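Structural characterization, general
What follows is each chain in one-letter form.
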Amino acid sequence: MPKPQQSPPSTSPAPPSTPTPQPTPASSAKLPRLDSLASSARSLLAAARRSPVTTLVAAFFLLSLIMYGEDVRTIAELSIDDYLYPDADVYNVSGLPPLVLPPPTCELSRGRWVFDNVSLPPYREKECTFLTAQVTCLANGRPDDTWQYWRWQPSNCSLPMFDARRFMEAMRGKRLMFVGDSLNRNQWQSLVCLVQPVLSKGRKKVVKRGALTIFHAKEYRATLEFYWAPFLVESNSDNPNFHSIDHRIIRPDRIEGHAKYWRGVDYLIFNTYIWWMNTADIKVRRPDSRYWSEHDEVPRIEAYGRVFKTWSDWLDENLDPARTSVFFMTISPLHIRSIPIPLAFLISLSLSLSL
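Figured I'd write up the structure that's included with this text. (Residues numbered from 1 in each chain as written. Predicted model: local features only at pLDDT ≥ 70, side-chain atom pairs only at ≥ 80, totals over all residues. Heavy atoms only, no water.)

Looking at a nonpolar patch on the surface
Together, Trp113, Phe115 and Trp150 make up an exposed nonpolar region whose accessible area comes to about 380 Å². Position of Phe115 relative to the elements: it lies in strand β1 (residues 111-115). In this structure Phe115 comes out as partly exposed when scored by relative accessible area, which is 41%. (Patch = residues over 30% accessible without salt bridge, like charges linked within 9 Å, V, L, I, M, F, W, Y side chains within 5 Å. Areas by Shrake-Rupley, 256 points an atom, 1.4 Å probe, with all protein chains shown as cover. Salt bridge = Lys/Arg side-chain N within 4 Å of Asp/Glu carboxyl O. Helix = DSSP H or I, 4+ residues; strand = E, 2+ residues; numbered from the N terminus. Buried < 20%, exposed > 50% of the residue type's maximum accessible area, 1.4 Å probe, protein only.)

Below is the structure:
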């Protein structure tokens, strides 16, 4: 007898449920990627804790960032300027009248100082924020300011007044560098103060890199630079911040440590003088020595000649006179007062350089 068919058990209908959202392909790809990055970061941190080498590399990276962060920022700013001002070659060009120069027959070294309170001074001390404290005469208490109103007047001709705009137009895309001691540093600071009023606000800055200090005139893509090398050649006084050394020692045959910074410069202005006037003899490090203490005493005029031989040989071998103009500033007064120059030294120097 056939079995009666059993009906399926009755069930109450299930309440409608909200469907579980399925991840989209984009979100499903993002989650594993974030997990992977987090896992990689944890792995790197764990490796850094385990490996002193990784820790050393990270510390070196941070130190480099601190030391050269200003340089990186300057390069970035200049790159941004190239983007913002693609027509910099013709940017801010002014129609300047022809410059009247003195005739070649004029003897510029013969003349007199003339008081001129109409066209001078070319800049005010308080208006130049690039001056260092040690050369701000008025801020340091000098009671008079008449020294700013004297200009040199040659006997048989006239010199045109300095025109900062014209100068910067001539410097467009170029580099000018003073090399030497604090007398040349004064010249560099004065030149910066002369030109900075014609530069746009926010587009001029000074960057220091050891012995090299650079003033950037961004809208002209030009730099005015100073390089500290009081003897031109390498010495134990080459640190621009710690050079007050009682026993100064030079290496008259070594110059590349400084000279590598002079390549590619359009105008080089050198000087070295006052640091040679301390003693009759000067300490010279022996060629193959390992320490500064290994040196000899050499008459300064002999050492001076050796330095100039090293310097001039480097110029001949490394600079293209069609690209770079070289000037040498000879004897100058000191910072504080004009001190007579020993006649014997001048005679010896003249004879040495004429040989």
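Quick look at the state of the cysteines
In this structure the tally under the stated criterion is two disulfides. Note on cysteine connectivity: Cys106 is disulfide-linked to Cys157, with sulfurs 1.7 Å apart. Negative torsions about the S-S bond denote left-handed disulfides, and the value of about -55° found for Cys106 with Cys157 makes this one left-handed. Note that Cys106 is positioned in the loop between α2 (52-84) and β1 and Cys157 in the loop between β2 (150-154) and α3 (164-170), a separation of 51 residues in sequence. (Disulfide = S-S within 2.5 Å.)

A look at the sheet that holds strand β10 (residues 281-285)
Within the open sheet, the four strands sit side by side as β7-β8-β10-β11. Their pairing is mixed. Since the sheet does not close on itself, it has two edges, and those belong to β7 (234-235) and β11 (295-299), each with one partner. Direction of pairing for β10 relative to β11: antiparallel, over a ladder of five bridges. When the bridges of β11 are listed, Arg285 appears paired with His295. Across the sheet, helix α6 (residues 300-318) touches β8 (249-251), β10 and β11, and the angle it forms with β11 is around 100°. (Pairing = 2+ DSSP bridges. Contact = heavy atoms within 4.5 Å. Axes fitted to C-alpha atoms, helices over the stretch in contact; angles between N-to-C directions.)

Structural notes on the sheet that holds strand β5 (residues 212-217)
Strand order in this open sheet of six strands is β4-β5-β6-β3-β9-β12, and the pairing throughout is mixed. With one partner strand each, in any of the chains shown, β4 (204-209) and β12 (325-329) form the two edges of the open sheet. Strand-to-strand twist across the sheet, computed as the mean angle between neighbouring axes with direction ignored, equals 15°. With six bridges connecting them, strand β3 (residues 175-180) and strand β6 (residues 222-228) associate as parallel partners. In the sheet register, Phe178 faces β6, and the bridge partner there is Phe226. Across the face of the sheet, helix α4 (residues 182-195) comes into contact with β3, β4, β5, β6, β9 (267-271) and β12 while running at roughly 160° to β6. Seen against the sheet, α6 touches β9 and β12 and runs at an angle of roughly 165° to β12.

Examining the layout of surface pockets
There is about 330 Å³ of room inside the second largest pocket. What lines the second largest pocket is a set of 15 residues, among which Thr132, Arg185, Lys208, Thr213 and Asn241 lie closest to the centre. At the level of elements, α4, β4 and β6 are the ones that each hand at least two residues to the lining of the second largest pocket. When the residues that make up the lining of the second largest pocket are grouped by side-chain class, the tally is seven nonpolar, six polar and two charged. (1 Å grid on protein atoms, 1.4 Å probe; cavity = no way out; pocket = protein on both sides within 12 Å on 5 of 7 lines; lining within 4 Å. Points joined across faces, edges and corners; volume = space filled by probe spheres on them. Nonpolar A, V, L, I, M, F, W, Y, C, P; charged D, E, K, R; others polar.)

Section: the pairing of β9
The buried fraction of β9 amounts to four of the five residues, a majority that puts the element mostly inside the structure. With four bridges joining them, β3 and β9 adopt parallel strand pairing. Within β9, the position partnered with Val179 by the bridge is Phe270. The sheet contact formed by β9 and β12 spans five bridges and is parallel. Along β12, the bridge assignment pairs Leu268 with Val326.

A short note on the pattern of salt bridges
This structure, assessed with the given rule, holds ten salt bridges. For Asp116, the salt bridge is made with Arg151, and the minimal N-O distance between the two is 3.0 Å. Pair noted here: Asp116 is in the loop between β1 and β2 and Arg151 is in strand β2, with a separation of 35 residues, a long-range link. A relative accessible area of 26% places Arg151 in the partly exposed class.

Here's the deal with unusual backbone geometry
Going from Leu120 to Pro121, the amide bond is cis rather than trans, its omega being 0°. Tracing the chain through its elements places Pro121 in the loop between β1 and β2. One non-glycine residue, Arg221, lies in the positive phi region at around 50°. The backbone phi angle of Leu232 is positive, close to 70°, even though this residue is not glycine. With respect to the helices, strands and loops of the structure, Leu232 is situated in the loop between β6 and β7. Its relative accessible area of 0% is what places Leu232 among the buried residues.

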